[in-house]
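Residue-level structural notes
As a plain string of letters, each chain reads:
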Amino acid sequence: MSSAAECVPRRWLAAGRASRSLVLVVVFVALLLDNMLLTVVVPIVPTFLYTTEYEGVNTSVAPVQTEPAPPALRAPPFSSMFSYFDNTTVTVSGSTSTRELVNGTESSPTSQPPTTSPPQLSGCPEGEEFLAEENVRVGLLFASKALVQLVVNPSVGLLTNRIGYHIPMFIGFLIMFLSTTMFAFSGTYTWLFIARALQGIGSSFSSVAGLGMLASVYTEDTERGNAMGIALGGLALGVLIGAPFGSLMYEFVGKSSPFLVLAFLALLDGALQLCILQPSKICPESTKGTPVFTLLRDPYILIAAGALCFSNMGVAMLEPTLPIWMMQTMCSPKWQLGMAFLPASISYLIGTNLFGILANKMGRWLCSLIGMALVGISLLCVPLAKNIYGLIGPNGGLGFAIGMVDSSMMPIMGYLVDLRHTSVYGNVYAIADVAFCVGFAIGPSTGGAVVRAVGFPWLLTIIGVINMAYAPLCWYLRNPPGREEKIAILSQECPLQTKGYSTQTTRRHSPLADHSDAEAENAE
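Along each chain, residues carry numbers from 1 onward, in the same order as the chain's sequence is written. In keeping with the model being predicted, local features are shown solely for residues with a pLDDT of at least 70 and side-chain atom pairs are shown and tallied solely at 80 or more, while totals for entire chains, interfaces and linings include all residues. Side-chain measures here rest on the full set of heavy atoms in the structure, leaving out hydrogens and waters.

A word on the pattern of salt bridges. Salt bridges are identified by distance alone: a Lys or Arg side-chain nitrogen within 4 Å of an Asp or Glu carboxyl oxygen. Within this structure, the stated rule accounts for three salt bridges. Taking the shortest distance from any N to any O, the salt bridge between Arg-20 and Glu-223 comes out at 3.1 Å. Here Arg-20 is found in helix H2 (residues 20-40), whereas its partner Glu-223 is found in helix H7 (residues 221-252), with 203 residues between them in sequence. A simple rule labels every residue: compare its accessible area, found with a 1.4 Å probe on the protein chains alone, to the largest value its type can have, and call it buried under 20%, exposed over 50%, or partly exposed in between. By relative accessible area, which is 33% here, Glu-223 ends up partly exposed. Arg-224 serves as the salt-bridge partner of Asp-418, at 2.8 Å between the closest nitrogen and oxygen. One end of the pair, Asp-418, is in helix H14 (residues 392-420); the other, Arg-224, is in helix H7, and 194 residues separate them in sequence. Secondary structure elements are taken from DSSP: a helix is a run of H or I of four residues or more, a strand is a run of E of two residues or more, and numbering for both begins at the N terminus.

Next up on the list: a nonpolar patch on the surface. Excluding any residue in a salt bridge, patches collect residues exceeding 30% relative accessible area, merging like charges within 9 Å and nonpolar Val, Leu, Ile, Met, Phe, Trp and Tyr side chains within 5 Å. Here, Shrake-Rupley sampling with a 1.4 Å probe gives the accessible areas, and only protein chains in the shown set may cover a residue. The grouping of Leu-248, Phe-252, Val-253 and Trp-335 at the surface amounts to a nonpolar patch, some 420 Å² of accessible area in total. Following the sequence through the fold, Trp-335 ends up in helix H11 (residues 334-339). Under the relative-accessibility criterion, Trp-335 is labelled partly exposed at 35%.

The next thing to look at is the packing of aromatic side chains. Two numbers describe a pair of aromatic rings. These are the distance of the centres and the angle of the planes. We call Phe, Tyr and Trp rings a pair once their centres come within 6.5 Å, taking the six-membered ring for Trp, and we label the pair stacked below 30 degrees between planes, edge-to-face above 60, and tilted otherwise. This model, assessed by the stated rule, comprises seven aromatic pairs. Between the aromatic rings of Phe-170 and Phe-173, the centroid separation amounts to 5.3 Å while the plane-to-plane angle is 50 degrees, which identifies the pairing as tilted. Placement of both Phe-170 and Phe-173 in helix H5 (residues 166-185) is noted, with a separation of three residues, approximately one turn of the helix. Classification of Phe-170 as buried rests on a relative accessible area of 16%. What makes Phe-173 buried here is its relative accessible area of 9%. For the pair Trp-325 and Phe-456, a centre-to-centre distance of 4.7 Å together with 20 degrees between the ring planes defines the contact as stacked.

Here an axis means a line fitted to C-alpha atoms, over the contact stretch when the element is a helix, while the angle between two N-to-C directions is reported on a 0 to 180 degree scale. Packing of helix H10 (residues 299-329) against helix H15 (residues 426-454) leaves a shortest axis separation of 7 Å and a crossing angle of 35 degrees. Note on packing geometry: the crossing formed by H10 with H15 is right-handed. Handedness of a crossing follows from how the near helix is turned relative to the far one, being left-handed for an anticlockwise turn of less than a right angle and right-handed for a clockwise one.

Bringing H10 into the picture now. End to end, H10 covers 43 Å across 31 residues, agreeing with the expected 45 Å (1.5 Å per residue, within 8%). Axes are fitted to the seven residues ending at a residue and to the seven starting at it; the angle between these axes is taken as the bend at that residue. At Glu-319, H10 is deflected by roughly 45 degrees, the largest bend along its length, and proline Pro-320 occurs up to four residues later in sequence. As used in this structure description, the phrase polar contact means that two N or O atoms lie within 3.5 Å; if the pair is within protein, one of them must be able to donate a hydrogen and the other to accept it, and residues adjacent in sequence are counted only when both atoms belong to side chains. With a side-chain oxygen positioned 3.0 Å from the backbone nitrogen of Tyr-300, the residue opening H10 is Asp-298. Directly after H10, the chain includes Cys-331, whose backbone phi takes a positive value near 55 degrees. The span one expects for a helix is its residue count, reduced by one, times 1.5 Å.

Okay, the packing of H10 against H14 next. Interaxial distance between H10 and H14 falls to 9 Å at its minimum, and their mutual angle equals 155 degrees. Compared by their axis directions, H10 and H14 come out roughly antiparallel. When you trace H10 past H14, the crossing you get is left-handed. Seen from H10, the contacting residues are Pro-299, Tyr-300, Ile-301, Ala-304, Ala-305, Ala-307, Leu-308, Ser-311, Asn-312, Val-315, Leu-318 and Leu-322; seen from H14, they are Asn-395, Leu-398, Ile-402, Val-405, Asp-406, Met-409, Met-410, Ile-412, Met-413, Leu-416 and Arg-420. Split into classes, the residues belonging to the contact of H10 with H14 amount to 18 nonpolar, three polar and two charged. Roughly parallel here means an angle under 35 degrees, roughly antiparallel means over 145, roughly perpendicular means 65 to 115, and every remaining angle is called oblique. Contacts were defined at the residue level, with two residues in contact if any of their heavy atoms lie within 4.5 Å. Only Asp, Glu, Lys and Arg are considered charged in this grouping, and only Ala, Val, Leu, Ile, Met, Phe, Trp, Tyr, Cys and Pro are considered nonpolar; every other residue, Gly among them, is considered polar.

Now the structure itself:
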């Protein structure tokens, strides 16, 4: 009886390890947590640095300005002003009953109305120069993750070709857990910078190994597109939850609380990986993958990577600059800084899941072209907002458009390798992740400097025009040519792999595919 009971968990684990759906769940959760950590810091870091560095310095200097008044006449700080013109002390704030007589002259609170108080009473932060410099510093901190990931990605692609996807995926979890814990207890800019850079290493392992694993498990093109859409839904959900979750927890609980919650969820993800992926097992690829530099010379892969880069560069520029712009122009409280990204996150979640299926029918090249044009239009509309409600439309359109591009380009990357190179996916998804990283490295690092030089509206105008100008290049992905020997291999092994992304169906019913179907029937 006991032996039968012990066999049940083993059978469940064996079935789980053979299930493609559970592999998709593991990748979904890994991307979810990675992108929650990516965006949870967006509303926290600007206000945390402003509170600790600007307000902390000013409050420590203020008490040494004047000598305290005697206890009987003591009023709130900065409550009186002495005039050498008529030897009177004018009360500008404090108790309404306060009256002082200096040399026989009476003064009352009504002589200086409190309506002339500085603008910080309305919620706007002080220190315009500090905020301008903080744009650059926050941008560099956000970009550090992408810069590190950009350097590490090619090495992870080579590593997955040699030892498989399972061990790199688990290494990514370990590094992400360490980074999340560092964020929770870091109190200075330097330690926050180190934690963000460390996150880039973990994200590189998780994303490259996870997407490569999905491409190797889902070999049929339509299924691969659907699976990529679901996996990117995890990315979208992480972006959706991260910024609002971070702003609310920081406002009402404390800085460390959102990171401790994410650290606990990361432990659960590690337990799931141990059960499903067997990270101690080395599973090298049976065939040698195409080198990264060979893939980088493929113009069609470069076009797809460029679409991923420029479409995501827009939201990457918004992450460090939009919260500070809202603090300056809208006097927004802390919780609104993260909620401003909520429409973009929701629409991105809808877009990735919707166009993971629709893009295959309407043509992935066309879906990407429309998406990039919509990215440009949405970015041009963001500076027109006068309050947080005015950001709903532009940010919603931006997220939906990026979802269209991502859910179309990720399957195309795998398809191009199948069609033109060796069907080993670690290197091509390392390139796809590099494209993301270039966008998220250039965007935040240059965005703050551009805002300081020409202003926030011109920053978004520049990147919006770049997206609209790049969009027509997606037309070249309509029917990418394949190598003849590669098409022959694909048509014999998996006929559905060679279908194009256009709305025409002539390619799907090519004689080569029909011949391979006949061979399959004869084999049966």
